[in-house]
Amino acid sequence: GPGGKVIAFEPSVLNAAYLEQNAASNGLTNVTVICAAVTDRDGWATFLDRGSTEGRLDKDDCEAQAQRRAARAVDYKRSFTVPVLTLDSWIAETGEQPPNVLKIDVQGAEVGVLRGMTQTLRAAGPAVVLELHGTRSEVADELDSVEYEHAAIQSAGPTREAPWWAHVIARPRGARASSVS
């Protein structure tokens, strides 16, 4: 709503411009787009652009991600260097309030993103909704390490048994309003 605030991180300059144009054309003045990728380190990385609105960092954060990418032959139209950051360092450097809700859809890089926000998850306890890309066990490990309860939205059962493409919802263990089982 009008009192809310959306901060979107997008490594592709072209996609970031689309996001800004979309927000403006819909009269959304509470959307800020940061042209950077969120991961588990600060600095620079290569972004592999597949075209349209698809792409990914040239970086594997876990064995499942590396195996899945090795098994898929994907043609990338171009590559370019993008800034990368951790959510923890971005919050510390900007003084922004930690988020209440995080939506993560990063084409298989979920593990790195979660590793780069462990302080935020532990201290602020935001709700997390993320899309898996064959990383269910590794994502479950990361969420367990910060004492979050989690489950797939589309299927009954734990995250570790979810379809490779499922969406997961997670909240700190014992959170009053949480019911993710």
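As shown above, the structure is provided for reference.
Residues numbered from 1 in each chain as written. Predicted model: local features only at pLDDT ≥ 70, side-chain atom pairs only at ≥ 80, totals over all residues. Heavy atoms only, no water.

For the rest of this paragraph, the subject is the packing of aromatic side chains. Within this structure, the stated rule accounts for two aromatic pairs. Ring centres of Phe47 and Phe80 lie 5.4 Å apart, and the angle between their planes is 40°; on these two criteria the pair is classed as tilted. Taken as a pair, Phe47 in strand β4 (residues 43–51) and Phe80 in strand β6 (residues 78–85) lie far apart in primary sequence, 33 residues in all. On the accessibility criterion, Phe47 (5% relative accessible area) is buried. (Phe/Tyr/Trp six-rings, centres within 6.5 Å; stacked < 30°, edge-to-face > 60°. Helix = DSSP H or I, 4+ residues; strand = E, 2+ residues; numbered from the N terminus. Buried < 20%, exposed > 50% of the residue type's maximum accessible area, 1.4 Å probe, protein only.)

On to the nonpolar core, then. Leu114, Met117, Leu121, Val128 and Leu130 are the most contacted members of the largest nonpolar core, which has 25 residues in total. Listed by contribution, the elements that provide at least two residues to this core are α3 (87–94), β7 (101–104), α4 (110–115), β8 (127–131), α6 (136–145), β9 (148–152) and β10 (167–172). When sequence neighbours within four positions are dropped, the list of residues in contact with Leu121 reads Leu102, Leu114, Pro126, Val128, Val146 and Tyr148. Within the second largest apolar cluster, six residues are counted, among which are Ala45, Leu57, Val82 and Val84. (Core = buried A, V, L, I, M, F, W, Y, C linked by side-chain atoms within 4.5 Å. Contact = heavy atoms within 4.5 Å.)

Next up on the list: the sheet that holds β7. In spatial order, the strands read β7-β8-β10-β9; together these four strands make up an open sheet with mixed pairing. Among the strands making up the open sheet, the edge pair consists of β7 and β9. Each strand of the sheet is rotated relative to its neighbour by a mean of 15°, with strand direction disregarded. Strand direction decides the pairing type here: β8 and β10, joined by four bridges, are antiparallel. Each bridged residue has a counterpart across the sheet, and for Glu131 the counterpart in β10 is His167. (Pairing = 2+ DSSP bridges. Axes fitted to C-alpha atoms, helices over the stretch in contact; angles between N-to-C directions.)

It is worth spelling out the pairing of strand β1 (residues 6–9) at this point. Examined bridge by bridge, β1 and strand β2 (residues 31–34) share four bridges and lie parallel to one another. Counted as the bridge partner of Ala8 is Val33 from β2. Viewed along the sheet, the connection from β1 through helix α1 (residues 13–25) into β2 turns out right-handed. (Right-handed = clockwise from strand over helix to strand, strands pointing away.)

Attention shifts here to the environment of Pro172. Among the structural elements, Pro172 can be located in strand β10. Pro172 gets classed as buried once you look at its relative accessible area, which sits at 18%. Sequence separation between Pro172 and Ala124 is 48 residues; the distance between their C-alpha atoms is 9.4 Å.

All buried positions along α6 are accounted for by Val139, Ala140, Glu142 and Leu143. One side of α6 carries all its buried residues, which in axial view fall inside an arc of 165°. At the exit of α6 stands Glu147, carrying a positive phi of roughly 60°. (Arc of directions from axis to C-beta.)

Further remarks concern the pairing of β10. Alignment of β9 against β10, held across five bridges, turns out to be antiparallel. Bridged to Tyr148 within β10 is Pro172.

The next thing to look at is the side chain of Glu10. Along the polypeptide, Glu10 turns up in the loop between β1 and α1. It is Arg78 that comes nearest to the buried, bridge-free Glu10 among opposite-charge side chains, at 9.6 Å. In this structure the side chain of Glu10 is engaged in a polar contact, spanning 3.0 Å, whose partner is the backbone nitrogen of Ser12. Excluding anything up to four places from it in sequence, Glu10 contacts Asn15, Ala16, Leu19, Ile34, Cys35 and Ala36. (Lys, Arg positive; Asp, Glu negative; His and termini not counted. Salt bridge = Lys/Arg side-chain N within 4 Å of Asp/Glu carboxyl O. Polar contact = N/O pair within 3.5 Å; in protein donor to acceptor, adjacent residues only side chain to side chain.)

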